[in-house]
Every structure is written in structure tokens, then in C-alpha cells.
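Here's the letter readout for the chains.
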Amino acid sequence: MLLASGLLLTFVFSASASYTEKLARSVCTLLFDGKIPADTQAADFDADSSVYDNENVLGQNQTWADIIEFPDVSSSLVYSSTVVMKKDSLWTNIDVTLSCCRSLISLNRFSDESIFAPGGQLQSGFRRSELIPAINDGTDITVQGTTTVHWSLRSDSSKPFNLSHEYQLVFHETSDFSTSQFMLKTGAPFGQTFVESEHKTLRLEGRQTTSATLFSTPFDDDVWHNFAVTVAWNSTSITVFYSKNSDSLSLANVTSNDNSGQGQQHFGILKLPTGDAGIDVAHEGFQESGLNEGLIYGGIFIEDSSDGCITLS
Ligand SMILES: *[C@@H]1O[C@H](CO)[C@@H](O)[C@H](O)[C@H]1NC(C)=O
Ligand SMILES: *[C@@H]1O[C@H](CO)[C@@H](O)[C@H](O)[C@H]1NC(C)=O
Ligand SMILES: *[C@@H]1O[C@H](CO)[C@@H](O)[C@H](O)[C@H]1NC(C)=O
Ligand SMILES: *[C@@H]1O[C@H](CO)[C@@H](O)[C@H](O)[C@H]1NC(C)=O
């Protein structure tokens, strides 16, 4: 509710309100809008009215107010202008500026406390802070037909990661929690020694058991990395788009993947432990104490691409 009124009130219109709004909102049908009103406080993420699940995924004794900050960095790609591609033809640049909403969410108090306990069982091997769209119950509209999930992320030099560890930064987990259809990772894969050229990278991997890398790019500091992933939930088609900073998204891969299992979209940090091959990484392994890490997310939304509509900028 907050979100809807925020949007209506504060578009900065370059044409008539109804015209601009129609173009900006309906060329591709928006299924989930991850933006939040500008006056949102971190504690609002703990309320039932949050557009994100207010109970998952965070440390057993944490609140979102303990985790989220609003960083002072330039806005990410998708909320400064809108260029929409429908199949192969480019639509007109619409140039809508949103002044209402924060598109930036920083999971910047990632700490020793970030131990999730599903069903009361501590996952003491992992550290986790992940946002899930509140509407995304595992079988909802975001996992039907063909959808495109968008996000941008960037490092925070004051809260660096320890890339000797493997991190998942965005992933889509099946509704039975048994596996993931795709995962964006960085850092040394569990069990490997960190090699900067190979592991200071953003790697989008396909179905968890297949180890297919759909796309990989250097994880340059302090720039926006923009992603979109189009998933056909009832076929094997998956498409990856990527760009940096304010560049329009470019096609990075069209390939096949096991997309079955519906499920939930996670935006956030899942840090694996280090340890011996074969350990139960959720419950065993080593995590150093005194964590002070963070990552900045922006531009989160999910749109319907069943008719081939994908927002590219
Ligand atoms: C949360 O607090 C309880 C009670 O103090 C404690 O037993 C538990 O270990 C804490 N959980 C974490 C993840 O620190
Ligand atoms: C990074 O992680 C490795 C492996 O857990 C650990 O040995 C090292 O002390 C960590 N470095 C920092 C700066 O925390
Ligand atoms: C596209 O993904 C496939 C895995 O399905 C991979 O083998 C291939 O290298 C990828 N192509 C690019 C350009 O990354
Ligand atoms: C798509 O897959 C879901 C989940 O497996 C299933 O419930 C649904 O009936 C399928 N839809 C079509 C059109 O095949």
C-alpha cells in the first residue's frame, strides 16, 4: 500500500501523468516492485506491510533494523530512465525519473549475528541476510509463465567481503528448498584457494547440481553491476542480460537450464564457511568473528516476459 501511493504521488513526469505512467508501468507488466518509499526506515522492513518478507532470511536474534542501511551512492540503472525492448524492436526512450523511492538497500550490518535458524535449527556454518519479495510464496505469479528478475549490486569499500569465502548474492531456490535454479556467486568456491583473477568475479551459475556457468564478469569495486535473468518456468529456456553503471542491459547468454520447481527469489548475502571437502556447509566449517561486511543492492523488480517484453534500461 505504501508503495503504490508513493509511486503515484511522486513520478516526475516528462509528459502527461497518465501517458508517462502508462508507458513506464505497462509496457512490460510489473509483477513485483522492490522499490520503497523515500521515507522508509530500516525498521519498516520488520513490519507486515513491507514489500519484502519481514521474517526471512536473517539471523535468529536479528531484526531488519539491525541489518539494513540506506547508503549515499548514486542511483542504480533502472530507475533513472526506461528503454523497453519488445522482442527485437526497440521502443522509444521514455525518460522517466523517479524521485519518490529508494531503490537502494544496503545489507550493511552483516555480522556474527547473521545466523539463520529455520525451524529453530541454527545454520551455524552460514551467515545470511536475504530479502525475499513478500508476494513470492513459491507458487505465485513470479514463478509462472516467463518472468524477468532485475537487480543491481555494488561493493561497499567500507565493508569489504573476504573473498577467501564463497558468497551467494542473489539466488532462486526451489519451493521444496532442495536446490536452486540459478545463483549469482563471488569469492573462492568452497574448497578452493582464492585466485583474484578467477574468483573476484560475479558468476551466474545455473541449476545447483550442474555447475554450469551462464555468465561471468570481474567484480570491479564501486560500480553498479546490473543483471536481468529471464526464466521460462515451464521450459528450459534461460536468458541473461548484464551491464555496468548506467549502460543499457546487453544480452549475455541464451541457453538451457533446468528451471523446474518454482520457488523463491533471494536478494542478499549468503556466506559459506571455509573447511574440508565434504563437510555440511550449512552447519559446519569456519567463519571468522567480527564480521563487518556489506553489499549495496538496487533496482530490484520482477516483470512478466511471457509476451517477450523485457526492460533493458
Ligand atoms: C539467540 O539468542 C538465544 C538466547 O540468548 C541464544 O541461545 C542463541 O544462540 C542466539 N542465536 C544466535 C544466532 O546468536
Ligand atoms: C578471510 O577468511 C579466511 C578463511 O576463513 C581467514 O583465514 C582470514 O583470516 C579471513 N581474513 C580476514 C581479513 O578476516
Ligand atoms: C552460456 O551458458 C552455457 C551453459 O548453459 C555455457 O556453457 C556457455 O559458456 C555460456 N556462454 C557464455 C557466452 O557465457
Ligand atoms: C507449469 O509448472 C507448474 C509447476 O510445476 C505447474 O503447476 C503448471 O501446471 C505448469 N503450467 C503449464 C502451463 O504447464
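So, how was this worked out
Residues numbered from 1 in each chain as written. Chains lettered and ligands numbered in written order. Predicted model: local features only at pLDDT ≥ 70, side-chain atom pairs only at ≥ 80, totals over all residues. Heavy atoms only, no water. Helix = DSSP H or I, 4+ residues; strand = E, 2+ residues; numbered from the N terminus. Contact = heavy atoms within 4.5 Å. Areas by Shrake-Rupley, 256 points an atom, 1.4 Å probe, with all protein chains shown as cover. Near = heavy atom within 4 Å. Polar contact = N/O pair within 3.5 Å; in protein donor to acceptor, adjacent residues only side chain to side chain. Nonpolar A, V, L, I, M, F, W, Y, C, P; charged D, E, K, R; others polar. pLDDT = per-residue confidence, 0-100. Salt bridge = Lys/Arg side-chain N within 4 Å of Asp/Glu carboxyl O. Buried < 20%, exposed > 50% of the residue type's maximum accessible area, 1.4 Å probe, protein only. Pairing = 2+ DSSP bridges. Axes fitted to C-alpha atoms, helices over the stretch in contact; angles between N-to-C directions.

Per an unreviewed UniProt entry, the chain goes by Glycoside hydrolase 131 catalytic N-terminal domain-containing protein and derives from Sanghuangporus baumii.

Trainee: What exactly am I supposed to notice about the overall build of the chain here?
Mentor: When you go through the chain residue by residue, the secondary structure sums to three helices and 21 strands. Pairs at least 24 residues apart make up 68% of the contacts formed inside the chain by residues separated by at least 6 positions. When the accessible area of the chain is evaluated, it comes to approximately 13100 Å², of which 50% is carbon and sulfur surface.

Trainee: Any chance you could explain the site of ligand 3 here in plain terms?
Mentor: Close to ligand 3 lie T213, L214, A252, N253 and T255. In the environment of ligand 3, an oxygen atom lies 2.4 Å from a nitrogen or oxygen atom belonging to the side chain of N253. Taking T255, its side chain carries an N or O atom lying 2.8 Å from an oxygen atom of ligand 3. Computed on the free molecule, ligand 3 has an accessible area of 360 Å², of which 48% lies beneath the protein chains in the complex. Put simply, the parts of the chain that give the shell around ligand 3 at least two residues each are β15 (213-218) and β18 (250-256). Per-element tally for the shell around ligand 3: the top contributor is β18, with three residues. For the shell around ligand 3, a count of residues per class yields two nonpolar, three polar and no charged.

Trainee: Hey, could you run me through the site of ligand 1 in this one?
Mentor: By nearness alone, every residue bordering ligand 1 is listed as Q60, N61, I115 and L122. At a separation of 2.8 Å, a nitrogen atom of ligand 1 approaches a polar side-chain atom of Q60. Interatomic distance of 2.3 Å between a side-chain N/O atom of N61 and an oxygen atom of ligand 1. Its residues placed into classes, the shell around ligand 1 shows two nonpolar, two polar and no charged.

Trainee: Where do I start with the confidence of the model for the chain in this structure?
Mentor: Any segment with low pLDDT has predicted coordinates that should not be analysed in fine detail. In this model, the chain carries an average pLDDT of 82, and 81% of its residues clear a pLDDT of 70 or more. Below pLDDT 50 for its whole length, residues 1-26 participates in 38 contacts with residues either more than four positions away or in separate chains. Counting contacts from residues 78-102, a segment whose pLDDT is below 50, to residues more than four positions away or on other chains yields 80 contacts.

Trainee: Any chance you could explain the pattern of salt bridges here in plain terms?
Mentor: Any two side chains of opposite charge can pair, given that their charged atoms come close. On inspection of all chains with the given rule, the structure shows eight salt bridges. With its nearest N and O atoms 2.9 Å apart, the salt bridge here joins D221 to K200. Taken as a pair, D221 in the loop between β15 and β16 (225-232) and K200 in the loop between α3 (196-199) and β14 (201-205) lie far apart in primary sequence, 21 residues in all. Residue classification places K200 among the partly exposed residues on the basis of a relative accessible area of 21%.

Trainee: Hey, could you run me through the sheet that holds strand β19 (residues 264-271) in this one?
Mentor: The strands making up a sheet associate through hydrogen bonds between their backbones, and the pairing can be parallel or antiparallel. If you walk across this open sheet you meet the six strands as β10-β19-β12-β13-β14-β15, and the pairing is antiparallel. The open sheet has two edge strands, β10 (127-131) and β15, and neither has a second partner. Averaged over all pairs of adjacent strands, the angle between their axes in this sheet comes to 15°, without regard to strand direction. Where strand β13 (residues 180-186) meets β14, three bridges bridge the pair, whose relative direction is antiparallel. Note on β14: the bridge partner recorded for L184 is L204.

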